[in-house]
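Take a look at the letters that make up each chain.
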Amino acid sequence: MKRVFFCMIMLVLLLASAAAEERPPMIALTFDDGPSEYTKEMLELLAENDCRATFFMIGQYVEMMPEMPQIVVDSGCEVGTHTLAHRPLNELSEYKIYSDLDKCINQIEELTGEHIRWLRPPWGKVSAGTYVACRRLDLLIVKWSLDSKDWESRDAEKIMQQILENVKDGDVILCHDTYPETLEAMRIVLPELKARGYELVTVSELFSHFEGELKSTTFYYRLN
Ligand SMILES: [Zn+2]
C-alpha cells in the first residue's frame, strides 16, 4: 500500500513538472527586404522590449551594409536569406535558384560564422526547383501566417491594428524593416504583445517546438 502511495506521488510530481515545461504563447516576428537604414533602430526597439526576431536579408543590400548581419546576430536575433535580388524563385531555373541561394548563404555565413537555416522566398513563391536547392543547401522554407500588410498600407495605425486584431499563438508575422511606418507601429505592438503574455522569438526558436522533423521538401507558415 505504501508503495502504491509513493508511486502516485511520483506520478503527480512528474505530471506537474511536464506542465511547468509547457511553452508560453509564442510569436515569430519576421522582417524582410533589408538590411536598410531602419534595421538598427528596429533592433534597438526589439532589445528594449526583450524581444527577438528574424531578418530575411537581400544579398545585394547586405553587400552595401556588410556589418548588419553580425549586428543582428549580436543582438540575439536571427538572419535568414531572402535571395540575392528578390526575383521570384518560381521563374528561375533549378540551377539559378541553387546558385543564388548558395551565394547568399556563403555571403552571410562568411560575415557572421553562423549557419543560415531559413529561406523566406520573395512573395512566398516557390517551385519544385526551390525544394531541390533547399535540400542540397540544408535550408528550410518559411512563409507567414499573418501579413502586417505594411507594404500595402504604409500606415502605422493600420499596421498596428492588423497585427493586434489578428495575432494568435504560433504565428509567423510578415513585416519589413524598410519602412519608417513599421518601426513606428512596433513601438506600440511590441509592448502590447508582451503585455498579452506572448514571447517574441526567432523563427528557429519558434520551430524548435515543432512536433516532428522539419524538412526542406515542404514549407512552414506557422507553428502546428
Ligand atoms: Zn520581400
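Cut-offs used in this document
- Residue numbers run consecutively from 1 along every chain, following the written order of its sequence.
- Side-chain atom pairs in this predicted model are given and counted only at pLDDT of 80 or more, local residue features only at pLDDT of at least 70, and totals for whole chains, interfaces and linings cover all residues.
- For the side-chain quantities, the full set of heavy atoms in the structure was used; hydrogens and water were omitted.
- Simply put, an axis is a line fit to the C-alpha atoms, just over the touching stretch for a helix, and the angle between two N-to-C directions goes from 0 to 180 degrees.
- Per the convention used, a helix needs a DSSP run of H or I reaching at least four residues, while a strand needs a run of E reaching at least two, with both numbered from the N terminus.
- Crossings are sorted by hand: turned counterclockwise from the far helix by less than a right angle, the near helix makes the crossing left-handed, and turned clockwise it makes it right-handed.
- Contacts were defined at the residue level, with two residues in contact if any of their heavy atoms lie within 4.5 Å.
- Residues are grouped as follows: Ala, Val, Leu, Ile, Met, Phe, Trp, Tyr, Cys and Pro are nonpolar; Asp, Glu, Lys and Arg are charged; all remaining types, including Gly, are polar.
- Donor selection uses N, O and S atoms within 2.8 Å of the metal (3.2 Å for Na, K and Ca). Since no water is included, sites may look incomplete.
- We define a polar contact as two N or O atoms separated by no more than 3.5 Å, with the added condition that, inside protein, one atom must be a possible hydrogen donor and the other a possible acceptor, whereas residues neighbouring each other in sequence contribute only through side-chain atom pairs.
- Exposure classes here rest on a 1.4 Å probe applied to the protein chains alone. A residue is buried below 20% of its type maximum, exposed above 50%, and partly exposed in between.
- Whenever a pair of cysteine sulfur atoms sits within 2.5 Å, that pair is classed as a disulfide.
- Note on pairing: two strands pair once DSSP finds at least 2 bridges between them.
- The handedness rule is simple: strands pointing away from the viewer, and a clockwise path from the first strand over the helix to the second, make the crossover right-handed.
- The criterion is simple. A nonpolar core is a set of buried Ala, Val, Leu, Ile, Met, Phe, Trp, Tyr and Cys residues joined through side-chain atoms within 4.5 Å.
- For each structure, a 1 Å grid was placed over the protein atoms alone; sets of points admitting a 1.4 Å probe that cannot get out are labelled cavities, open sets with protein on both sides within 12 Å along at least five of seven lines are labelled pockets, and lining residues have an atom within 4 Å of a point.
- Grid points are joined across faces, edges and corners, and a volume is the space filled by probe spheres set on the points.

Caption draft 1: Looking closely at the packing of helix H8 (residues 156-166) against helix H9 (residues 180-195). At a closest axis distance of 8 Å, the pairing of H8 and H9 adopts a crossing angle of 35°. For H8 against H9, the interelement crossing comes out right-handed. The segment H8 lies against H9, with Ala156, Ile159, Met160, Ile163 and Leu164 engaging Glu181, Thr182, Glu184, Ala185, Met186, Ile188, Val189, Glu192 and Leu193. Class assignment of the residues belonging to the contact of H8 with H9 gives a composition of ten nonpolar, one polar and three charged.

Caption draft 2: How the structure looks around the coordination of the zinc ion. Coordination of the zinc ion by the protein is provided by Asp33 (OD), His82 (NE2) and His86 (NE2), with metal-donor distances spanning 2.0 to 2.1 Å. Here the donor residues of the zinc ion share one chain and are spaced in sequence as D-x48-H-x3-H. Residue Asp33 is found in strand E1 (residues 26-34), and its partner His82 is found in the loop between strand E3 (78-81) and helix H5 (94-112); the two are separated by 49 residues along the sequence.

Caption draft 3: Here's a closer look at the side chain of Ser127. Relative to the assigned elements, Ser127 resides in the loop between strand E4 (118-119) and helix H6 (128-137). Side-chain polar atoms of Ser127 contact the side chain of Thr130, separated by 2.8 Å. Apart from the residues lying within four places of it in its own chain, the contact partners of Ser127 are Leu89, Asn90 and Ile97.

Caption draft 4: Inspection of unusual backbone geometry at higher detail. Of the consecutive residues Gly34 and Pro35, the connecting peptide bond is found in the cis state with omega at 0°. Position of Pro35 relative to the elements: it lies in the loop between E1 and helix H2 (39-48). Not every positive phi belongs to a glycine, and Asp33 is a case in point at roughly 80°. Residue class for Asp33 comes out buried when judged on its relative accessible area of 17%.

Caption draft 5: Summary view of the state of the cysteines. Taken as a whole and judged by the stated rule, the model has zero disulfides. Free cysteine Cys51: the closest other cysteine sulfur is in Cys77, separated by 9.0 Å. Cys51 gets classed as buried once you look at its relative accessible area, which sits at 4%. Of all cysteine sulfurs, the one in Cys104 lies closest to Cys134, which takes part in no disulfide; the gap is 11 Å.

Caption draft 6: Expanded view of the pairing of strand E2 (residues 54-57). Of the two faces of E2, the one holding Thr54 and Phe56 and the one holding Phe55 and Met57 are both buried throughout. Here four bridges tie E1 to E2, and the two strands are oriented parallel to one another. Within E2, the residue paired with Phe31 across the bridge is Phe55. Assessed by its sense of winding, the connection that carries the chain from E1 through H2 to E2 is right-handed. Note that E2 and E3 share four bridges and pair parallel. Note that in E3 the partner of Thr54 across the bridge is Glu78.

Caption draft 7: How the structure looks around the nonpolar core. Leu29, Phe31, Leu46, Phe55 and Met186 are the most contacted members of the largest nonpolar core, which has 50 residues in total. Looking at this core, the element that brings in the most residues is H9, giving six residues. Ala28, Leu140, Val203 and Leu206 belong to the second largest nonpolar core, which has 14 residues in total.

Caption draft 8: Geometry of the layout of surface pockets. Volume-wise, the largest pocket comes out at about 190 Å³. For the largest pocket, the lining is made up of 13 residues, of which Trp123, Trp144, Trp151, Leu174 and His176 are closest to its centre. At the level of elements, E1 and strand E7 (172-176) are the ones that each hand at least two residues to the lining of the largest pocket. The residue inventory of the lining of the largest pocket, partitioned by class, reads six nonpolar, four polar and three charged.

Caption draft 9: The pairing of E7, seen in detail. Among the five residues in E7, five count as buried, and that is most of the element. Where E1 meets E7, five bridges bridge the pair, whose relative direction is parallel. Bridge pairing links Leu29 to Ile173 in E7. Judged from the two bridges that link them, strand E6 (residues 146-147) and E7 form a sheet pairing that is parallel.

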